[in-house]
Amino acid sequence: MPVDFSALNALHTAAGSRHMLDLFDADRSRAENFSARADGLLFDYAKTNIDVQTREALFALLDEAGVADKREAMFTGEKINDTEGRAVLHTALRNLDGGPVLVDGKDVMPEVLNTLARMDDFADRIRRGDISSVSGSPFEDIVNIGIGGSDLGPVMAYEAMQPYVDGPRCHFVSNVDGAHIHDVLARVNPQTTLIIVASKTFTTIETMTNAQTARDWLVPHIGEDGVSKHFAALSTAKDKTAAFGIDPDLVFGFEDWVGGRYSVWGPIGLSLMIAIGPQNFADFLRGAQAMDVHFRTAAPKDNLPVLLALVGLWHNQVCGHATRAVLPYEQRLVRLPAYFQQLEMESNGKRVSMDGEDLPYHSGPVVWGEPGTNGQHAFYQLIHQGTRVVPCEFMVGKFGHETHLDHQHELLVSNCLAQSEALMRGRDIDEARAVMAAKGFEGAELERQAAHRVFPGNRPSTTLAYEVLTPFVLGQIIALYEHRVFVEGVILGINSYDQWGVELGKELALALQPVLSGNKSGSDKDGSTRHLIDFLKV
Ligand code: F6P
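Residues numbered from 1 in each chain as written. Predicted model: local features only at pLDDT ≥ 70, side-chain atom pairs only at ≥ 80, totals over all residues. Heavy atoms only, no water.

## Describing empty space enclosed by the protein
Logical step 1: Summed over the entire model, instances satisfying the criterion amount to two cavities of 30 Å³ or more.
Logical step 2: For the largest cavity, the calculated volume is near 70 Å³.
Logical step 3: Mapped by element, the contributors of at least two residues to the lining of the largest cavity are helix 13 (304-318), strand 10 (323-329), strand 12 (392-397) and strand 13 (461-466).
Logical step 4: Ranked by residue count, the leading element in the lining of the largest cavity is helix 13, at four residues.
Logical step 5: For the lining of the largest cavity, a count of residues per class yields four nonpolar, seven polar and two charged.
Logical step 6: Its volume calculated, the second largest cavity comes out at about 40 Å³.
Logical step 7: As for the second largest cavity, its lining consists of Tyr 45, Ile 50, Arg 55, Leu 58, Leu 307, Leu 310 and Val 311.
Logical step 8: For the lining of the second largest cavity, the leading source of residues is helix 13, giving three residues.
Logical step 9: Class assignment for the residues of the lining of the second largest cavity results in six nonpolar, no polar and one charged. (1 Å grid on protein atoms, 1.4 Å probe; cavity = no way out; pocket = protein on both sides within 12 Å on 5 of 7 lines; lining within 4 Å. Points joined across faces, edges and corners; volume = space filled by probe spheres on them. Helix = DSSP H or I, 4+ residues; strand = E, 2+ residues; numbered from the N terminus. Nonpolar A, V, L, I, M, F, W, Y, C, P; charged D, E, K, R; others polar.)

Have a look at this one:
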């Protein structure tokens, strides 16, 4: 059953053009009352137009949709991904010291912990040089070949965790565009490079094509026999990894209850583990586990994933803002917006509810972003003065890792705070006029110039603040967003864990390849596609 947004719609209409600054005037403690903390994180949503009544109406959605029961169903291994008949248990991958987790009556934890111990051992031995290449030298470079969830998690986290990298260099190849693998392989030495083929299904065309290209590149240098030493695989499909010639000892498996975009916590995170070491990787898992415990136990008003989700629903489904921007003031989170794009848009970009009925409201929003301060000099113009409202999700740490550059960090933080302040406060016409009058403008020209300098303000944002971006904090942030997606999905009544929308394009691409290579006629194609085939066919 779809939830009923009518009470919230009415509150939105009644709020009209109410300025959020008035909410601060009405409640001197608004900043405290509209923020929440969890294990060192501070989530501030005071700079939104949500008041106490609106928040109550948002909380009511939780009961209406049965979020608490569904949350337990997820954590306890029920098959909540019901279009694929699967449990959703990425949380089991970080359940380091939790109890058993049953799927079909079987505890999955022994196998999870066994695989983690194998990963630890493998990563340690690579890092120490105990596992060496055919040349006898330690591996210096790791190339992770994967796409979507088998790429975005590791590459995002590898960039984020640079201060902790003390192992071999990692490189990531995802695109089927030959330029990608060409440019990566040009930077590494085949004698000292380990290739990790990361694919849950081991059928994804991009990954299998790139894996074959890597094999063809390696074999002349290391021989056919070297393949078993220079390739590892991360997959649920052990039969397929064997067919590729990968040594079963170098295959790290996982189960179908780990979705691709939720898989960085297990074998798909192997490249990250090799780079930062098993201890740091364990801290990453512990951060996520702490967020799991928080999500499962905190009351809604203190529950970060719940609050983030409700703010998201308010902005998207009620206020009608179709996109949201993720704006980390943390350069090393440069791939986080792309990671969240897959996490949120592949999960909640669905047009029908669980029972197959058309959704009576919009699905999840478009997610996009860039680190600050770079974005300020690119697209913030539209965020401040464009005709569309873009709710912004700022993130910032109290400290950077570069303590000798504290003055830069101070500038970074002040820019982050200034942006959310400017979005809320704006600059009205009188202020703009005064600025222009001080510059000597007058009359009609003053009016014209002032109009360009008005900032409407009253634009919503949230800020997630943390101490310093450690592996633990990164784990918390990713798990926070995973659970936010869960709550939004449950309230919208959709299945956040399938992704049928990617299939049609895959099928059509397979059918088009023989047309492009001249082995099949394209006469059944539409006029535009035929026209483009004529141009692009070699
Ligand atoms: O095509 C979408 C998708 O299935 C994603 O959900 C997934 O993360 C990605 O492709 C890669 O899949 P695999 O890990 O099976 O290669």
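## Some words on the site of the ligand
Logical step 1: Near the ligand there are 14 residues, and of these Gly 149, Ser 150, Ser 199, Thr 201 and Thr 204 occur at the shortest range.
Logical step 2: Within the backbone of Gly 149, an N or O atom sits 2.7 Å from an oxygen atom of the ligand.
Logical step 3: Between Lys 506 and the ligand, the recorded distance is 3.0 Å, taken from a side-chain N or O atom to an oxygen atom.
Logical step 4: Within the complex, the protein chains bury 88% of what would otherwise be the 400 Å² of accessible surface of the ligand.
Logical step 5: Judged by its atoms lying within 2 Å of the grid points, the ligand is housed in the largest pocket.
Logical step 6: Taken together, the residues that form the shell around the ligand break down as two nonpolar, nine polar and three charged. (Near = heavy atom within 4 Å. Polar contact = N/O pair within 3.5 Å; in protein donor to acceptor, adjacent residues only side chain to side chain. Areas by Shrake-Rupley, 256 points an atom, 1.4 Å probe, with all protein chains shown as cover. Sits in = over half its atoms within 2 Å of the grid points.)

## Structural notes on a nonpolar patch on the surface
Logical step 1: Nonpolar side chains collect at one region of the surface, where Leu 516, Leu 532, Phe 535 and Leu 536 lie side by side and expose about 460 Å² of accessible area between them.
Logical step 2: Among the elements that make up the nonpolar patch, the one with the highest residue count is helix 21 (residues 527-536) (three residues).
Logical step 3: With respect to the helices and strands, the residue Leu 532 is situated in helix 21. (Patch = residues over 30% accessible without salt bridge, like charges linked within 9 Å, V, L, I, M, F, W, Y side chains within 5 Å. Salt bridge = Lys/Arg side-chain N within 4 Å of Asp/Glu carboxyl O.)

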